[in-house]
Every structure is written in C-alpha cells, then in structure tokens.
Amino acid sequence: MCTAATYTTKDHYFGRNLDLEFSYHETVTVTPRRKVLPMRHTDALKEHYAMIGMAFVVEDYPLYYDATNEKGLSMAGLNFPGNAHYNAPADGRRNLASFELIPWILGQCATVEQARILLAEVNLTDTAFSPQLPPSPLHWLIADQNESIVFEQTENGTRIFDNPVGVMTNNPTFDYHMLHLQDYMNASARLPENRLAPGVGMEPYSRGMGGFGIPGDLSSASRFVKVAFTKMNSLSGDSEEESVSQFFKILGSVEQQKGCCRLGTDEDGNLLCEYTIYSSCCNMDRGIYYYTTYENSGISCVDMNREDLDGDRLAVYELQKEPRICRQN
Ligand SMILES: C[C@H](CCC(=O)NCCS(=O)(=O)O)[C@H]1CC[C@H]2[C@@H]3CC[C@@H]4C[C@H](O)CC[C@]4(C)[C@H]3C[C@H](O)[C@]12C
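Reading guide: rules and limits
Residues numbered from 1 in each chain as written. Predicted model: local features only at pLDDT ≥ 70, side-chain atom pairs only at ≥ 80, totals over all residues. Helix = DSSP H or I, 4+ residues; strand = E, 2+ residues; numbered from the N terminus. Rg over C-alpha atoms; globule rule 2.2 N^0.38 Å. Buried ≥ 20, exposed ≤ 12 C-beta atoms within 10 Å, placed from the backbone. Contact = placed C-beta atoms within 7 Å. Near = placed C-beta within 6 Å. Nonpolar A, V, L, I, M, F, W, Y, C, P; charged D, E, K, R; others polar. Pairing = 2+ DSSP bridges. Axes fitted to C-alpha atoms, helices over the stretch in contact; angles between N-to-C directions.

Before going further, it helps to spend a moment on the overall build of the protein. For the protein, the count of helices and strands is five helices and 18 strands. In summary, the protein has a C-alpha radius of gyration of 20 Å against a globular reference of 20 Å for 329 residues, a match within 12%. Its C-alpha atoms put the protein at 70 × 60 × 50 Å along the principal axes. Taking all 329 residues of the protein together, the buried fraction comes to 38%. Considering only intrachain contacts with a sequence separation of at least 6, the fraction spanning at least 24 residues in the protein is 66%.

Turning our eyes to something else, we now look at the site of the ligand. In the vicinity of the ligand lie 21 residues, with Cys2, Leu63, Asn79, Ser136 and Asn170 positioned nearest. Elements represented by at least two residues in the shell around the ligand include exactly strand E2 (12-20), strand E5 (61-69) and strand E6 (74-79). When its residues are assigned to classes, the shell around the ligand shows 14 nonpolar, six polar and one charged.

What follows deals with the sheet that holds strand E12 (residues 167-168). As a general point, the strands of a sheet are linked pairwise by backbone hydrogen bonds and lie either parallel or antiparallel. With antiparallel pairing, six strands are arranged side by side in an open sheet as E12-E1-E2-E15-E16-E17. Sheet topology places E12 and strand E17 (300-303) at the edges, where each strand pairs with a single neighbour. Both strand E16 (residues 288-293) and E17 contribute to a ladder of four bridges, which runs antiparallel. Along E17, the bridge assignment pairs Tyr289 with Val302. Against the sheet, helix H4 (residues 220-233) contacts strand E1 (2-8) and E12, and its axis sits at roughly 15° relative to E1.

And the structure:
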C-alpha cells in the first residue's frame, strides 16, 4: 500500500509513503533537461523540464515512483491492482507505457491545468519495460502548488478526478474514497460534545480525543480517511524545518510497521510483510527532495538545484539507510 499527500505552509510540499514487502534498488534521481527520454510508442523527449524523485534506474532510464519537476508539478504512482487496465496501442491516441507517464507529463507540463490537456489524449498501454519488469497496476496523484487531481485508467477508460483533499491511497477508485470520506465528515479535532443524549451528564473523560471515530487500520480506504483528517487539521510553523517535519508526521499517521500487514510466506517459508520502505517530502517550490527510510528515520535530502540541470546525465543518489543515533554520552 501507499499513501501520497500534498501540504502547504509558506511553501508547497508533495510526498508519499511507499509500502511494499521488498525493495527494488530505488535511488533519489535527478533527470536534467537534456537527458533524452525515449518513448516506446511516441516521440522521445529530447529537451524537457528537469525533475527529481525516487526512481529505480534500469538501463539508464529513470523508472520513477514519484517525482517533482522544476516548476513544482508533482506525481506519484500508487498501486491499483485489479482496477488498472492497460490497453494495446490505439490509433489516434497518445500511446504511453505506464512507466512513461511520470516523465512524459512532468517533462512537458508546468501545471495541473496543462497536465489535464495532455492526459485527455493518453492511452496507457500494457507495454512491459522488460520481461523482468512487467507493467505495474497503478493510479496517479498529480499536483501543483494550487490543485490536485487523480488519473486512473480502468476497463471503462481514463478518468481525471479533481482531488479537493490532496491525498491518495490504493484501491478502489478515487470516487469511492471521496464517498467513504463523507461517512466521517463529523469527525473533529476538537473535544467531543454530548450530542447523543442532551441533558445527560457526559463529559469527555480524557483529552486527546481528536479524530475520535475515524478508522485506524491500515487498509487503503482507512488510510485515506486517516491521512485526510491529519492533513486537513494539521498545524505547523512555516519554516522549512517545521514544514518538512510536519509533513513526515502526516505521513507517519498511516505508516506501516513491520508485522502488521502479513501477506503469507515466500517459497522458502519466510514471512512476507508489507512495511513503509521510505517516506518522501519534496519542496515543490525549491526542488528539494527529503526522505526517510524504514531503517533510518533521520531525514536526508537531495537538492535538484545543486545539480547541472542543463546536463544530459542522470544524477543518482543511494538511499541513506544506516540508522543514525545521536549518542549523548
Ligand atoms: C509497488 C509500488 C506501489 C506500492 C504499493 O502501493 N504497494 C501496495 C500494495 S496493495 O495496495 O496492498 O496492493 C509501485 C509504485 C511505483 C512502482 C514502480 C514504477 C516504475 C516501474 C514500472 C514498471 O512497469 C515496473 C517496475 C517499476 C519500478 C514499478 C515497481 C512497483 O510497482 C512500484 C514501486
């Protein structure tokens, strides 16, 4: 499972939790403006916006999980198994392999408004990157500094949803999550009031009842509600440190601890568990990509503006997974 969100203080932030039972070799990857991005069914992008994000780089191609471009436009792919439906290439449509969607949109669009126009012509194809890397069933959260949308392609075709809460999780489709969220619209960050039996003496017996009644389990529908509540009620200072720290707290409200989501066993009998492999928070205005990993909760960052953005080579940074404990004596 995965959770993605946006957050605004003085600057704008976009990030996600990546929850999975194993890790590819993902790296923080900067794609500069002249790195040629070949496309399987359409013209290569030879010059494009620069972008930074988390990618598995294979054959010098950045397979982005989430990324932000130099204008701030951001995208994250989230698992959508059983619902994502990719087609054969079709005449008269913009045929893109699913792994090309992030670089193709972020390479060319500065805003969600521009992305909507390009997305309207897209037909995602079932093209595999390689026999070892078949297409992943995904849907995408796309955001700029002002608005968020969700892009899904199912059996019924493509859909673009306005996303007024700026959060996204996994199955099922986005419209379900918004309807489900309404079940909790009474949830409040304030102390509860006795509306159930007026006149009967009932006082809150404890503090800390913010959000009383919202779900706390790790299912996709529950995480959507939990992270929406946390984000929408979040208060923080607006310095970079306070904003980034608060963003990781928001994602922390839906992180997966090892052991809580068991998926059975592999061929060798090892227990498989989903857990939050990394959490990211990109400052959309400044192109700084912050992340933590399951092993290392200290924050690391890569600043895209410290790279040569006019170059033609990927800049790749290994994740800092070593735990760092500040020993005080
Ligand atoms: C698994 C992840 C979603 C996490 C998630 O939601 N886990 C929940 C489970 S669930 O909700 O319980 O079902 C997704 C998110 C982005 C994906 C990569 C995108 C690029 C590339 C595309 C290629 O075509 C195939 C390989 C490739 C590296 C992809 C591998 C994998 O698929 C990634 C990491």
